[in-house]
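If you want the building blocks of each chain, they are given just below.
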Amino acid sequence: MSDLRERREAVVREHMESENVHDFDTTLDTFSHPRYEIIPTGEVHDGPEQVMAYFKESRTAFPDQRNELISLRHADDAVIVEFDLKGTHKGTLRGFEPTGREFSCRMIAVFEFEGEGIVCERVYFDAATILAQLTA
């Protein structure tokens, strides 16, 4: 594996692990420019303030939210990650009261890079998978 690929993979692993322990300052430091694109909902969180607000909202609703890495793949300007996202609905989310139910959803994230820094994490998943588990 090339040095650049190894460094990018290390950045992605640090990014994902820091999310799991809610060390969001470290997560933000993995970006050259913080940006999340949540494809199923059409949301874009651009810049450190918006990304930190996204972390606060999602971890208020799912305080135990965590990712479990399945695989990493490399492209010329990206690292593609397959993972399971898991959590328990313990807080209000956009007007939906907590259900106390757990979810697990297979996801794909494309971490786009410029050099060694992430410039966007674009996340793909089936929102109905999560909704069905939380409302069943």
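If you're wondering where the values come from, they're calculated on a predicted model, not measured in any experiment.

Trainee: Looking at this structure, I do not really get the pairing of strand 4 (residues 78-88). What am I missing?
Mentor: The two faces of a sheet get side chains in turn, since along a regular strand they alternate between them. For strand 4, the tally of buried residues reaches 8 of 11 residues, placing the bulk of the element in the interior. As defined by bridge partners, strand 3 (residues 66-75) adjoins strand 4 across 9 bridges and the pair is classed as antiparallel. Bridge assignment links R73 to a residue of strand 4, and that residue is I80. Here strand 3 folds back onto strand 4, and the loop between the two strands holds 2 residues. When strand 4 meets strand 5 (residues 102-114), the two strands line up antiparallel, connected through 11 bridges. Along strand 5, the bridge assignment pairs V79 with F111.

Trainee: Before we go on, may I ask you to explain the layout of surface pockets in this structure?
Mentor: Sizing a probe to match a water molecule and rolling it over the atoms shows the empty space that remains. By volume, the largest pocket is sized at about 780 Å³. If you trace the largest pocket, you find 32 residues lining it, with T41, F62, L93, F125 and I130 closest to the centre. At the level of elements, helix 1 (3-20), strand 1 (35-38), helix 3 (48-61), strand 4, strand 5, strand 6 (117-124) and helix 4 (127-135) are the ones that each hand at least two residues to the lining of the largest pocket. No other element matches helix 4, which puts 5 residues into the lining of the largest pocket. The class makeup of the residues in the lining of the largest pocket is 18 nonpolar, 7 polar and 7 charged.

Trainee: How should helix 1 be read in this particular structure?
Mentor: In this model, helix 1 (18 residues) spans 26 Å end to end at C-alpha, consistent with the 26 Å of a helix rising 1.5 Å per residue. Those residues of helix 1 that fall on the buried side of the exposure criterion are R8, E9, V11, V12, H15, M16, S18 and E19. Phi turns positive one or two residues past the end of helix 1, at H22, with a value near 60°.

Trainee: Would you mind going over the packing of aromatic side chains with me for this structure?
Mentor: Aromatic ring pairs are described here by two measures, namely the spacing of the ring centres and the angle between the planes. Applying the stated criterion to the full structure yields 6 aromatic pairs. Both rings, one in Y36 and one in Y54, keep their centres 5.2 Å apart while their planes meet at 45°; by these two values the pair is tilted. In this pair, Y36 sits in strand 1 while Y54 sits in helix 3, placing the two residues 18 residues apart along the sequence. Overall, Y54 belongs to the buried group, its relative accessible area being 16%.

Trainee: Even after reading the chapter, I still don't get unusual backbone geometry, so can you show me in this structure?
Mentor: Among all residues except glycine, the phi angle is most often negative; among peptide bonds, the trans geometry is most common. The backbone phi angle of H22 is positive, close to 60°, even though this residue is not glycine. Counting through the fold element by element, H22 comes out in the loop between helix 1 and helix 2 (24-29).

Trainee: Any chance you could explain the nonpolar core here in plain terms?
Mentor: Nonpolar side chains tend toward joint burial in soluble globular proteins. Among the nonpolar cores identified, the biggest contains 28 residues, and V12, V81 and F111 are the most heavily contacted of them. At the level of elements, helix 1, helix 2, strand 1, helix 3, strand 4, strand 5, strand 6 and helix 4 are the ones that each hand at least two residues to this core. Residue contributions to this core peak at 6 residues, all from strand 5.

Cut-offs used in this document
Residues numbered from 1 in each chain as written. Predicted model: local features only at pLDDT ≥ 70, side-chain atom pairs only at ≥ 80, totals over all residues. Heavy atoms only, no water. Buried < 20%, exposed > 50% of the residue type's maximum accessible area, 1.4 Å probe, protein only. Helix = DSSP H or I, 4+ residues; strand = E, 2+ residues; numbered from the N terminus. Pairing = 2+ DSSP bridges. 1 Å grid on protein atoms, 1.4 Å probe; cavity = no way out; pocket = protein on both sides within 12 Å on 5 of 7 lines; lining within 4 Å. Points joined across faces, edges and corners; volume = space filled by probe spheres on them. Nonpolar A, V, L, I, M, F, W, Y, C, P; charged D, E, K, R; others polar. Expected span 1.5 Å × (residues − 1). Phe/Tyr/Trp six-rings, centres within 6.5 Å; stacked < 30°, edge-to-face > 60°. Core = buried A, V, L, I, M, F, W, Y, C linked by side-chain atoms within 4.5 Å.

So far we have only geometry, and geometry alone does not tell us how the molecule works.
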